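Single-letter residue listing:
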Amino acid sequence: MVATNLKSETMKLMEKRSAMELEMNSIIERLCVPGGPGLSGNLLDAEGFPRPDIDIPSVRSERHRLAELRNDHKQISEKINENIQLLHSARLADRSSSSKDSVNQNSLMDVRVGHVSSQNVIMRDSPSSMDVDGLVSVPFAVVDEIADASPTAEDGLQLGDQIVKFGNVEYQVGQNLLEKLASEARANEGCAVPVTVMRQGAAMNLTVTPRTWQGRGLLGCSFRAL
């Protein structure tokens, strides 16, 4: 009963987080249009006057809303991760108490993994109890800015993508994963790196090749920790 309630709570939280990501992505796209103010660009011109080409009150409002959403997103992601860990612990306890149940659950997991590997993208409108049960890893970072014509833009990464795995880097408690991600990119310059992301409720496998380009860095994007 407790596990059932926890699954239900987690699915609702995942749906809420997906809605947040859609709103965050929309705000980021509006702020980052060519010639726009960006996420933190100056709202004054070279002479210190308000820029006449943008709606400053609207920009400030959207930036404030984005900051609120990011804070809420971080909290809800932490709660989802906590629930997933509890569900995994409960499943391990159930398996150790009954070898028969263990065989059945392992067989079911094999089927799910086979489905994932045969489908590059898993589309779903909303999380199901099987989604929660079958979740092996959790996202640890989100893409919050991508430069035009950058390696990540050309390789298919999008704003709002949640990074589940980047090369050999995946979720670990107490680790500086953004630093590990940057190190992984540097270590694989010029090589295709397999990346798993969650995009609007769908798991997707991509490859990103860190490389020099006309802009800064090897990826041309920024990540925010979840």
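Please refer to the structure placed before this passage.
The following refers to the structure shown. Just so it is clear, the structure is predicted and the values come from calculations on it, not from any experiment. (Residues numbered from 1 in each chain as written. Predicted model: local features only at pLDDT ≥ 70, side-chain atom pairs only at ≥ 80, totals over all residues. Heavy atoms only, no water.)

## Quick notes on the environment of Gln85
Here is step 1: Structurally, Gln85 can be placed in helix α2 (residues 56–97).
Here is step 2: Distance in space between the C-alpha atoms of Gln85 and Val138 is 9.9 Å, their sequence separation being 53 residues. (Helix = DSSP H or I, 4+ residues; strand = E, 2+ residues; numbered from the N terminus.)

## With respect to the side chain of Thr10
Here is step 1: Assignment of secondary structure puts Thr10 in helix α1 (residues 2–31).
Here is step 2: We classify Thr10 as buried; its relative accessible area is 0%.
Here is step 3: A polar side-chain atom of Thr10 sits 3.1 Å from a polar atom in the side chain of Asn83. (Buried < 20%, exposed > 50% of the residue type's maximum accessible area, 1.4 Å probe, protein only. Polar contact = N/O pair within 3.5 Å; in protein donor to acceptor, adjacent residues only side chain to side chain.)

## Notes on the pairing of strand β5 (residues 193–199)
Every other side chain in a regular strand lies on the same face of the sheet, so the side chains alternate between the two faces.
Here is step 1: Counting buried positions along β5 gives five out of seven residues, so the element sits mostly inside the fold.
Here is step 2: Where strand β3 (residues 162–166) lies against β5, four bridges are found, and the strand directions are antiparallel. Looking at the pairing, Ile163 lines up with Val197 of β5.
Here is step 3: Direction of pairing for β5 relative to strand β6 (residues 202–208): antiparallel, over a ladder of seven bridges. Counted as the bridge partner of Thr196 is Asn205 from β6.
Here is step 4: The hairpin formed by β5 and β6 contains two residues between the paired strands, and Gln200 there has a positive phi angle of roughly 50°. (Pairing = 2+ DSSP bridges.)

## With respect to the nonpolar core
Here is step 1: Formed by 39 residues in total, the largest nonpolar core has its most connected members in Leu157, Ile163, Phe166, Leu219 and Phe223.
Here is step 2: Among the elements of the structure, α1, α2, β2 (141–146), β3, α6 (177–187), β5, β6 and β7 (221–225) are those that each provide at least two residues to this core. (Core = buried A, V, L, I, M, F, W, Y, C linked by side-chain atoms within 4.5 Å.)

## Side note on the pattern of salt bridges
Here is step 1: What the rule picks out here adds up to ten salt bridges.
Here is step 2: Residues Arg211 and Glu154 are paired through a salt bridge, measuring 3.1 Å at the closest nitrogen-oxygen approach. Here the residue Arg211 occupies a position in the loop between β6 and β7, and Glu154 occupies one in helix α5 (residues 151–155), the gap between them amounting to 57 residues.
Here is step 3: Its relative accessible area of 55% is what places Glu154 among the exposed residues.
Here is step 4: Residue Arg211 is joined to Asp155 by a salt bridge in which the shortest nitrogen-to-oxygen separation is 3.0 Å. (Salt bridge = Lys/Arg side-chain N within 4 Å of Asp/Glu carboxyl O.)

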